[in-house]
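# What the coordinates show
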Amino acid sequence: MLIDAKNPTTYLLCLLLVIGPLSTRSAFSDCDIATYYQSLAGNPANWTRSELQGLLETTHRNVLPYTDSSSGIDTWAALSDLDAGSTPGTVHLIYADIDVPVTPRGTSSTWNREHVWPKSRGVGYEGADFTDVHHLRPADANVNSARGNKHFSECGIAEDISDCTTPAHSEAAADTSADPSSFLPPVSVRGDIARALFYMDLRYNGSGVDVLDLVLTDCLDPNESNQLGYLSQLLKWHEQDPVDDAERIRNMQVCQAWQGNRNPFVDYPELASSIFGTPSPDPVGGNGYPCGLPNQGPDPDQPAYSDCDIATYYQSLVANPANWNRSELQDLLETTHRNVLPYTDSSTGVDTWAALSDLDAGSSPGTVHLIY
């Protein structure tokens, strides 16, 4: 049978015919892609954050209980269904990359429920985000503890590379690593994690009961409890580990059987760049991203100085440039030298290291070009 690969609805429906029903539960019947997004008009690349957020919130029609031993319809049951292993009666652990029995569970020697967006970074213990299975995954209890509330990143981004441990834990997959503030998941799920976190940032904007505005960023503010890093790393992983069939099936199951809403970054991967921009180059030296510099980061603030185009900058000097004298040029250079950078500032990362990493970036991400 020929399948139109450019039509995600046709593709998924054909896939379902091959593999059979997704789940014994079917709570919501309007979860096919064409129906779900029918209220949004035009090209998906032009959909706004506001209208996407509204769709995700209004269609999140079932907020699961975290644990409900009486009915058994809770996040334990959802994860056992959504992340079933390759053999009956097992679940697949996201950071260990292995299958384990569904039961026993919830002890230090078995599996538990990982909040990919950590509870201590804005999710908390109440609200729809606490039990949102788009970002909950089965995890080895010890590896989950090792991840803790660390940000997602390769080693060497925010810490010295010498502080890196590979694998991240003795029970984690071999291609994981960790440093004091960051955690690198297995390569096979890096894109999945990125798209789950894009969803969380989009879905939770502070609207609703016990919900904060969750923010992905490269520029972490130690005074804020709702931020998670690092956005540029996640945007890279999104490209390097594209959506696969398993992720499409899981997305359909979450909507159809458990919550009623979809992850649009799985359905339309191009939304990542239209909503979050493009990744910044990897910083050099473990000092983190050079935040605060003009036009730094995928979603930059306004430039620090808005009068730097040539015409505006030299407008105080009249007539032919060949007639400008040394004195008036020197005066212009001195008065417009408005920011004297610190040579090294490890607290903010806004220093000459950061400036040179930006100004003299190499031809590939995470490099600088040496002048001599």
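For the structure itself, look to the data block above.
Keep in mind that what you see is a predicted model, and the values were worked out from it rather than measured.

### Topic: the packing of aromatic side chains
Under the defined criterion, the tally for this structure stands at 15 aromatic pairs. Ring centres of Y66 and F130 lie 4.4 Å apart, and the angle between their planes is 35°; this geometry places the pair in the tilted category. Residue Y66 is found in the loop between helix 3 (49-58) and helix 4 (75-82), and its partner F130 is found in the loop between strand 3 (111-115) and strand 4 (136-140); the two are separated by 64 residues along the sequence. With 5.7 Å between their ring centres and 50° between their planes, Y125 and F130 make a pair best called tilted. Here Y125 falls in the exposed class, since its relative accessible area comes to 58%. One aromatic cluster in this structure is built from Y36, Y37, W47 and Y268. Here R113 stacks its cationic end above the ring of Y66, 3.6 Å away from the centre of that ring.

### Describing the sheet that holds strand 5 (residues 151-152)
The strand order 5-7-6 describes an open sheet built from three strands, whose pairing is mixed. At either end of the open sheet lies a strand with only one pairing partner, and these are strand 5 and strand 6 (177-178). Direction of pairing for strand 5 relative to strand 7 (residues 182-184): parallel, over a ladder of two bridges. Each bridged residue has a counterpart across the sheet, and for F152 the counterpart in strand 7 is F183.

### Focus on the nonpolar core
Grouped together as the largest cluster of nonpolar side chains are 50 residues, with contacts concentrated most on Y95, F152, L197, F198 and L216. When residues of this core are assigned to their parent elements, the largest contribution, seven residues, is made by helix 6 (residues 190-203). Of all hydrophobic cores here, the second largest spans 16 residues; its members include A96, V100, W111 and V133.

### A look at helix 6
Under the 1.5 Å per step criterion, the end-to-end length of helix 6 is 20 Å for 14 residues, consistent within 8% with the ideal 20 Å. Within helix 6, 14 of the 14 residues are buried, which leaves it mostly tucked inside the rest of the structure.

### Considerations on the packing of helix 4 against helix 8 (residues 245-259)
Close contact between helix 4 and helix 8 brings their axes to 10 Å; oriented N to C, the two are set at 140°. The angle between the axes of helix 4 and helix 8 places the two elements in the oblique class. Considering how the two elements wind past one another, helix 4 and helix 8 form a crossing that is right-handed. Across from A77, A78, L79, D81 and L82 in helix 4, the residues of helix 8 making contact are R250, Q253, V254 and W258. Grouping the amino acids of the contact of helix 4 with helix 8 by side-chain chemistry returns six nonpolar, one polar and two charged.

Calculation notes
Residues numbered from 1 in each chain as written. Predicted model: local features only at pLDDT ≥ 70, side-chain atom pairs only at ≥ 80, totals over all residues. Heavy atoms only, no water. Phe/Tyr/Trp six-rings, centres within 6.5 Å; stacked < 30°, edge-to-face > 60°. Helix = DSSP H or I, 4+ residues; strand = E, 2+ residues; numbered from the N terminus. Buried < 20%, exposed > 50% of the residue type's maximum accessible area, 1.4 Å probe, protein only. Lys NZ or Arg CZ within 6 Å of the ring centre and 35° of its normal. Pairing = 2+ DSSP bridges. Core = buried A, V, L, I, M, F, W, Y, C linked by side-chain atoms within 4.5 Å. Expected span 1.5 Å × (residues − 1). Axes fitted to C-alpha atoms, helices over the stretch in contact; angles between N-to-C directions. Parallel < 35°, antiparallel > 145°, perpendicular 65-115°, else oblique. Left-handed = near helix turned anticlockwise from the far one by under 90°. Contact = heavy atoms within 4.5 Å. Nonpolar A, V, L, I, M, F, W, Y, C, P; charged D, E, K, R; others polar.

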